[in-house]
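Here is how the chains run, residue by residue.
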Amino acid sequence: MKIPALLMLVLAFSACAKKELNVSETAATNDSTVRQATVEAVQPTKAEALLAMQCYNNAFYHQYGTYGPSFKAYYYSDVTHSGRTDFWKSAEAIETIIDAVLIHNDPDLRNKMVYLYNGMRDAYGLLWNANSFNDDVIWGALMCIRAFQITNDGGMKDMARNNFDMVWARAWDNNLGGGLWWTTANTSKNACVNAPAAICAMYLYQATGDAGYRDKAKMIVDWMVSKLYVAGTGEVRGAMNAAGVITEGARTYTQGTFIGACSMLHNYYPSANFKAMAAKAMDYTKNVMCNAQGLLPDEYDNEDCQGFKSIFARWACRFVKDHGYQGTYASWLNYNAAEAWAYRNSNGLMWGQWWHRTPDNYVNSFETTCGVAMMNGVWLF
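A brief look at the structure comes next. Treat the numbers as computed from the prediction; the structure is a model and nothing was measured.

**Description of the packing of aromatic side chains**
How two aromatic rings sit relative to each other is set out by the distance from centre to centre and by the angle between their planes.
Argument step 1. Per the stated rule, a full pass over the model turns up 27 aromatic pairs.
Argument step 2. Here Tyr205 and Tyr268 contribute two aromatic rings whose centre-to-centre distance is 5.4 Å and whose plane-to-plane angle is 80°, an arrangement assigned as edge-to-face. Taken together, the positions of Tyr205 in helix 7 (residues 191-208) and Tyr268 in the loop between helix 9 (252-266) and helix 10 (274-289) put the pair 63 residues apart, joining distant regions of the chain.
Argument step 3. The exposure class of Tyr205 is buried, given its relative accessible area of 16%.
Argument step 4. You can call Tyr268 partly exposed: its relative accessible area is 33%.
Argument step 5. Aromatic side chains Phe319 and Tyr325 sit 4.9 Å apart centroid to centroid with 25° between the ring planes, which places their arrangement in the stacked category.

The structure is reproduced here in structure tokens:
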């Protein structure tokens, strides 16, 4: 669906009349410590958050046929429409529209979410055991169980459950004391599979009543706490190789999914310190990973990293809502949402570098999930 004429008019004025910021694009570097911004930490309006999602869909959404009595769709990988985005980025883009559906309850967004899910089924089938990346499968399963919460579609729940169970069977073992292997090569155990798997398991427990999923979630997070979480600082390290050596540091998505998993476990294990660990991970992200103004870091070392902030935004904002941390973190998260929106391009798209203007000529559909997820996430609280 094209953006309605009234919204296009709003976009035309708001996209062209941005507040001038104290940033020299000619002097800017990828070192976030040198960036200076003067935009106030004002939460973007709810209408702007909806508009951001609609602009994203206008740029990347492609409906390509029927799927039984319904339709199917996918997101293009970039603004040139050179092809569909790959598996895990598709799952994360659908999670971004799920975020927006939860905030706006918009029928068009809900329909697009279903059609995109149908497109995943159409392209990849129901069981993703041919994918050697366990994290890919878990991201897809998490997308499915979150979509199920909105639609109550049993097919979505079954896809989530079957794919989670498949990963658990092939990836969990007692090497290194537990944890899920990143790939079927069993060379490292990474936060990027373990933390989202714990979130997925908690949602499966809520959907099925099977306490085994809650137990698995706790096993995963307990392992992460023992191996990847740094209690003194709140850092969530990215990976441990088969020899037990830490090989990756923290990224925004490892922090965010650990926060999300701890947040969900807290209510079931209130004495296990999960909420405090989540808050410690929030503090590390804010105080160590951000620049002096609190701007979340660029993660542009490769295209797989560029959308990490969308994942952080999703779970950090939910943690704030679920545990009443607005007084501690709301202004920081609102500031990041305002920065992202201030630097949108003429089509209302926001890349992941929230300190200078998004290019008009080229952006991809993964990096541009970041601002959309943050803008809608702050409306959770």
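**Observations concerning helix 4 (residues 107-124)**
Argument step 1. In this model, helix 4 (18 residues) spans 26 Å end to end at C-alpha, consistent with the 26 Å of a helix rising 1.5 Å per residue.
Argument step 2. Residues Leu109, Lys112, Met113, Val114, Tyr115, Leu116, Tyr117, Asn118, Gly119 and Met120 constitute the buried set of helix 4.
Argument step 3. Those residues of helix 4 hidden inside the fold are in contact with helix 2 (46-60), strand 1 (61-67), strand 2 (70-75), helix 3 (87-104), helix 5 (134-151) and helix 6 (154-171).
Argument step 4. Remark: Gly125 follows helix 4 within two positions and exhibits a positive phi of approximately 80°.

**So, the packing of helix 2 against helix 3**
Argument step 1. Two elements in contact, helix 2 and helix 3, have axes separated by 11 Å at closest approach and are oriented at 145°. Crossing of helix 2 against helix 3: the hand is left-handed. Touching Lys46, Ala49, Leu50, Met53, Tyr56 and Asn57 of helix 2 are Ala93, Thr96, Ile97, Ala100, Ile103 and His104, all from helix 3.
Argument step 2. Of the residues belonging to the contact of helix 2 with helix 3, the class tally is 8 nonpolar, 3 polar and 1 charged.

Calculation rules
- Residues numbered from 1 in each chain as written.
- Predicted model: local features only at pLDDT ≥ 70, side-chain atom pairs only at ≥ 80, totals over all residues.
- Heavy atoms only, no water.
- Phe/Tyr/Trp six-rings, centres within 6.5 Å; stacked < 30°, edge-to-face > 60°.
- Helix = DSSP H or I, 4+ residues; strand = E, 2+ residues; numbered from the N terminus.
- Buried < 20%, exposed > 50% of the residue type's maximum accessible area, 1.4 Å probe, protein only.
- Expected span 1.5 Å × (residues − 1).
- Contact = heavy atoms within 4.5 Å.
- Axes fitted to C-alpha atoms, helices over the stretch in contact; angles between N-to-C directions.
- Left-handed = near helix turned anticlockwise from the far one by under 90°.
- Nonpolar A, V, L, I, M, F, W, Y, C, P; charged D, E, K, R; others polar.

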